[in-house]
Amino acid sequence: MSTGDGRYGAIRSGMSRGRLTGRLAGMSLPRQIMTIAFWPLLEQVLSFIASSISLFIATHMGTPREVTTQIAAGMGAIGSIFFLGFVMQGAVSMGATAIVSRMTGARRFGEAQHAADQAAVLGLVVGALSFLVMYFSADTLVRDVFRLTPEAQDYARRFVFAAAPTAIFSGLVFAVNSALRGAGDTRLPFMMMLVADGLNMAASLVLVYGFGMSIEGLAIGMTLGFAAAALILVCLLERRRRRRLRAAQASPAAEESPPGGTPELGLSLADFRPDFSMIRRIVDIGLPQSFEVFGMWAIQLYCLSVISRLGDGVFGAHTIAIRIESLSFLPGFAIGTASASLVGLHLGAGSVRTAFQVIRRCLVYSICFMGAMGVLFFIFPAFFVQIFAGNSSDLLEAGVPVVRVFLLCEPFFAAAIVMKMSLRGAGDTRRVMWVTYGSMGFFRLFVLWCWNHFSPETLNLTWIWVLLSVDMVAQTLLLYRFVIDKKWIRRKV
């Protein structure tokens, strides 16, 4: 039997079944969700502000209207390239969350700490690989896939070449932050992202407007932010680990039975040696998600190639629409993060019933929040588009109808986010991958290819977004079937 199996909680000596430790101990389920989700919500807000400011700066550099449109199109290509680079980092993050949460729930704190150390090692490795992937694929993607104008291609290339080193530092930050969230610590990850995004915004403003560095200023600001966050995170967790070791030497029982319940995770640079058995466990859980996200990226790449052929104005409007929609993700991903952590913790503690209740409650909360955002977008679409459109009427005209479509897709997107993250938190990443492949492959590849091949003159951005919404409805229905069959409770990690 795997030491991370949720059944371990039933035989753990002295363990009260289904009861969490640490600061979550004794809390009601809604309060547990709020406690875990609070800092991820702030983190999502911060991330949205940082990425939105980058887009705002890019489209408000005082350039002519046609150049603004080209920059907006180039920023869309940049997002897709960075998405590709972060595929492997997401796999490490999910594996770290699942294992650390299950071990913490089962009170195997030593294994949780070891998993965090190995996640950091793996994060550094995949960060370096992500850097290579982004740097050497950028030219081919912007030239042969997106079919942008030469000017838009140039902006995209310049940004990626300058910002690719960010991946080395983000690999470590994302992996360790995910391990911390798995242990129920969502505050420190927020503080690290506050450093990364805060310095990113400040440096970008100074470099672009103070030194006139144009698009390169945005890229260098991003790299500086994550480099600082990685350094500070390692130093803080190294100090935390030393403090724990001193406490353990004074009281040997403190390591496995800390007075406060759950010990704080730390890092030890001396333990940054690969343990391939633990790395295999992380990869075993995270690899299906990596395949899933890579498949999503490849399918989205085809969608973007179709949209890019409609012109820089349409592609730029699509980029702006994605940025506006991401505003609704703030509560959705925060609640999904809470659900993933709590599902793993309660399974580790042996409480299957509570883990299922976590998913149900998080579904209700997420649908309410994101559904309300969809209504807001539908009523005031021009207001949101105008923020990023700058002086381009083409971006405004193409973007407003798309934003109105959000009313249809937001409730289903909310449900899909929570169910995907909950199943991943339980370690059931393979079935989530097949849902993504099946639904997106049919609607975003097959149907869109047929549409583009047989009736290209009828293609427009609004109807493409309607098709994407239908895909999200299908994914939600399939994921719901997987949640209620409860096979995920038997997944070993």
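Residues numbered from 1 in each chain as written. Predicted model: local features only at pLDDT ≥ 70, side-chain atom pairs only at ≥ 80, totals over all residues. Heavy atoms only, no water.

Caption draft 1: Here's a closer look at the overall build of the chain. In terms of helices and strands, the chain carries 16 helices and zero strands. Counting only residues that meet the buried cut, the chain has 59% of its 493 residues in that class. Counting contacts in the chain only where the partners sit at least 6 residues apart, residues at least 24 apart contribute 84% of the total. Approximately 19,400 Å² of the chain is accessible, and the part contributed by carbon and sulfur atoms is 67%. (Helix = DSSP H or I, 4+ residues; strand = E, 2+ residues; numbered from the N terminus. Buried < 20%, exposed > 50% of the residue type's maximum accessible area, 1.4 Å probe, protein only. Contact = heavy atoms within 4.5 Å. Areas by Shrake-Rupley, 256 points an atom, 1.4 Å probe, with all protein chains shown as cover.)

Caption draft 2: Seen up close, the nonpolar core. Core analysis: the biggest nonpolar cluster contains 107 residues, and Phe146, Phe159, Ile324 and Phe406 have the highest contact counts within it. Element by element, the count of residues in this core is highest for helix 5 (residues 109–145), at twelve residues. If sequence neighbours within four positions are ignored, phenylalanine 146 has contacts with Ala77, Ser80, Leu141, Leu301, Leu304, Ser308 and Phe315. Among the nonpolar cores identified, the runner-up in size contains 35 residues, and Ile335, Ala355, Val358 and Ala416 belong to it. (Core = buried A, V, L, I, M, F, W, Y, C linked by side-chain atoms within 4.5 Å.)

Caption draft 3: Spotlight on the side chain of serine 366. One can find serine 366 in helix 12 (residues 352–379). Apart from the residues within four sequence positions on either side, serine 366 is in contact with Gly332, Ile335, Gly371, Ala414 and Val418.

Caption draft 4: Highlighting the pattern of salt bridges. Overall, the coordinates contain 13 salt bridges when judged by the stated rule. In this structure, aspartate 428 engages arginine 431 in a salt bridge whose closest nitrogen and oxygen atoms are separated by 2.9 Å. In terms of burial, aspartate 428 and arginine 431 fall into one category: buried. For arginine 431, the salt bridge goes to aspartate 485, with nearest N and O atoms at 2.7 Å. On the criterion of sequence distance, the pair formed by arginine 431 in helix 15 (residues 429–454) and aspartate 485 in helix 16 (residues 461–485) is long-range, its members being 54 residues apart. Within this structure, Arg108, Glu111 and Arg281 form a network of salt bridges that share partners. (Salt bridge = Lys/Arg side-chain N within 4 Å of Asp/Glu carboxyl O.)

Caption draft 5: Quick look at the confidence of the model for the chain. Taken as a whole, the chain shows an average pLDDT of 82; of its residues, 89% reach a score of 70 or greater. Across the chain, the secondary-structure element scoring lowest on mean pLDDT is helix 1 (residues 8–11), at 33, and the one scoring highest is helix 16, at 92. (pLDDT = per-residue confidence, 0-100.)

Caption draft 6: Focus on unusual backbone geometry. The phi angle at lysine 486 is positive, at roughly 60 degrees, despite the residue not being glycine. By the secondary structure assignment, lysine 486 is in the segment after helix 16.

Caption draft 7: A look at a nonpolar patch on the surface. On the surface, a nonpolar cluster with roughly 780 Å² of combined accessible area is contributed by Phe56, Val375, Leu376, Phe378, Ile379, Phe380, Phe383, Ile387 and Leu407. Where the nonpolar patch is concerned, the elements lending two or more residues are helix 12 and helix 13 (381–389). The greatest single-element share of the nonpolar patch, amounting to four residues, is contributed by helix 12. Relative to the helices and strands, leucine 407 resides in helix 14 (residues 393–425). (Patch = residues over 30% accessible without salt bridge, like charges linked within 9 Å, V, L, I, M, F, W, Y side chains within 5 Å.)

Caption draft 8: Highlighting the environment of serine 290. For serine 290, the position within the fold is in helix 10 (residues 276–308). For the pair serine 290 and glutamine 89, spaced 201 residues apart in sequence, the C-alpha separation works out to 8.2 Å. The contacts of serine 290, once residues within four sequence positions are left out, are Val87, Met88 and Ala91.

Caption draft 9: A look at helix 2 (residues 29–59). Counted at 1.5 Å a residue, the expected span for helix 2 with its 31 residues is 45 Å, and the 44 Å between its end C-alpha atoms agrees. Along helix 2, the sharpest kink reaches roughly 35 degrees, centred on alanine 37 and followed within four residues by the proline proline 40. (Expected span 1.5 Å × (residues − 1). Bend = angle between axes of the 7 residues up to and from the residue.)

Caption draft 10: Summary view of the packing of aromatic side chains. Per the counting criterion, the structure on display carries 18 aromatic pairs. With centroids separated by 6.0 Å and ring planes inclined at 65 degrees, the aromatic side chains of phenylalanine 82 and phenylalanine 159 adopt a geometry described as edge-to-face. Here phenylalanine 82 is found in helix 3 (residues 65–85), whereas its partner phenylalanine 159 is found in helix 6 (residues 150–163), with 77 residues between them in sequence. Across this residue pair, the class does not change: phenylalanine 82 and phenylalanine 159 are buried. Summarising the aromatic geometry, the rings of phenylalanine 442 and phenylalanine 443 are spaced 4.9 Å apart at their centres and angled 85 degrees between planes, so their arrangement reads as edge-to-face. For phenylalanine 443, a relative accessible area of 16% puts it in the buried group. (Phe/Tyr/Trp six-rings, centres within 6.5 Å; stacked < 30°, edge-to-face > 60°.)

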